[in-house]
Amino acid sequence: MCEFGGEFSDAITAWIDDEQEFRKCVYDVSFPVQGDPEETYYMGIDLGFKNDGTAISIVHQDKKTKQIILDYTNVWFSGSSDVWEYDNSIYKNCRKYVGNELLSMTDIVYEIKELCKLFPIKAGIFDQSNGYGLAELLRKENMKFIEMQHFTDQLNSDIYQILKMLYAEGLLYIPNHPVLIGELLSLESERKSRGNIESEVFRGKIDVKAPNRKGAHDDISESYARAVYLCYSQ
């Protein structure tokens, strides 16, 4: 166990520790072309502009089964991203903005607006890191229901703990999206603790992220986890 600034870091392990259990929530079905006006949808956004991608996911909860259903997910990378250095990258088809050196806020707002035409979004969230420009543009578009939030280490931990609980209980319904599934299966988890102190702040705290190697990312996973968290929390 290694110590960093008073916190201790246990060994890094795969976040999905039982792939067979997780795959029970993955279905070989198509994504809907648009949403049902009788349903309530939630959007999660993860922002990236140069190396990291920008990802958007949309979910809703089935009233009968209580499963949180993934309705849409996508991620885009600029031409400056390291994902293009690998022929076998799971992101090889995320090419819409590959001609741009950077992803722009206006392109991101365009994608959000188009999706809001297709799905009646009740609420959406994105991280305040790099997010102030997006927040301003969304206000101008009268989309105040998509809000900026500060994702602390503890909140991020809670979000992924909820996501794991839901897939363990079979309460997620995920169409077999190769990029999202591939990324979720690659995520790594690092448990944090503080010596022998059992405090509410550090109990069960985990850090979930992409493997520390070039070409690995967690953008689409972040957007999906945020959408699920928002839907679950309502």
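In what follows, the accompanying structure is described. Each chain has its residues counted from 1, running along the sequence as written. With the structure being a predicted model, the display of local features is reserved for residues of pLDDT at least 70 and the display and counting of side-chain atom pairs for 80 or more, all residues being used for whole-chain, interface and lining totals. Working from all heavy atoms in the structure, the side-chain values ignore hydrogens and water.

## Notes on the overall build of the protein chain
Worth spelling out the cut-off: The helix count covers DSSP runs of H or I at least four residues long, the strand count covers runs of E at least two residues long, and both are numbered beginning at the N terminus. Just to be clear, the radius of gyration here is over C-alpha atoms, and the globule rule we use is 2.2 Å times residues to the power 0.38. For the exposure calls, accessible area comes from a 1.4 Å probe over protein chains only, and a residue counts as buried if that area is under 20% of its type's maximum, exposed if over 50%, partly exposed in between.
Of the regular secondary structure elements, the protein chain holds six helices and eleven strands. Relative to the globule expectation of 17 Å for 234 residues, the C-alpha radius of gyration of the protein chain, 18 Å, shows essentially globular dimensions. With the C-alpha coordinates aligned to their principal axes, the bounding extent of the protein chain is approximately 50 × 45 × 35 Å. Among the 234 residues that make up the protein chain, the fraction classed as buried is 47%.

## Thoughts on helix α5 (residues 178-186)
The condition is simple: For this analysis, residues touch if any pair of their heavy atoms sits within 4.5 Å.
Along α5, the positions that sit buried rather than exposed are Val179, Leu180, Ile181, Glu183 and Leu184. Summarising the contacts, the buried residues of α5 are in contact with α1 (19-23), β3 (26-27), β6 (68-76), β9 (172-175) and α6 (219-233).

## Examining the nonpolar core
When a protein is soluble and globular, its nonpolar side chains tend to lie buried together. Put simply, the rule reads: Definition used in this section: a nonpolar core is a set of buried Ala, Val, Leu, Ile, Met, Phe, Trp, Tyr and Cys residues joined via side-chain atoms within 4.5 Å.
Residues Trp15, Val59, Leu172 and Tyr224 are the most contacted members of the largest nonpolar core, which totals 42 residues. Among the secondary structure elements, those contributing two or more residues to this core are β5 (54-61), β6, β7 (121-127), α4 (153-168), β9, α5, β11 (206-209) and α6. Here the element with the most residues in this core is α6; it accounts for eight residues. In this structure, Trp15 is in contact with Tyr160, Leu163, Lys164, Tyr167, Leu184, Leu187, Glu188, Ser189, Ile206 and Val208, ignoring residues within four places of it in sequence. Within the second largest apolar cluster, 24 residues are counted, among which are Tyr97, Met105, Phe119 and Ile146.

By themselves, these are just geometric observations and shouldn't be taken as functional.
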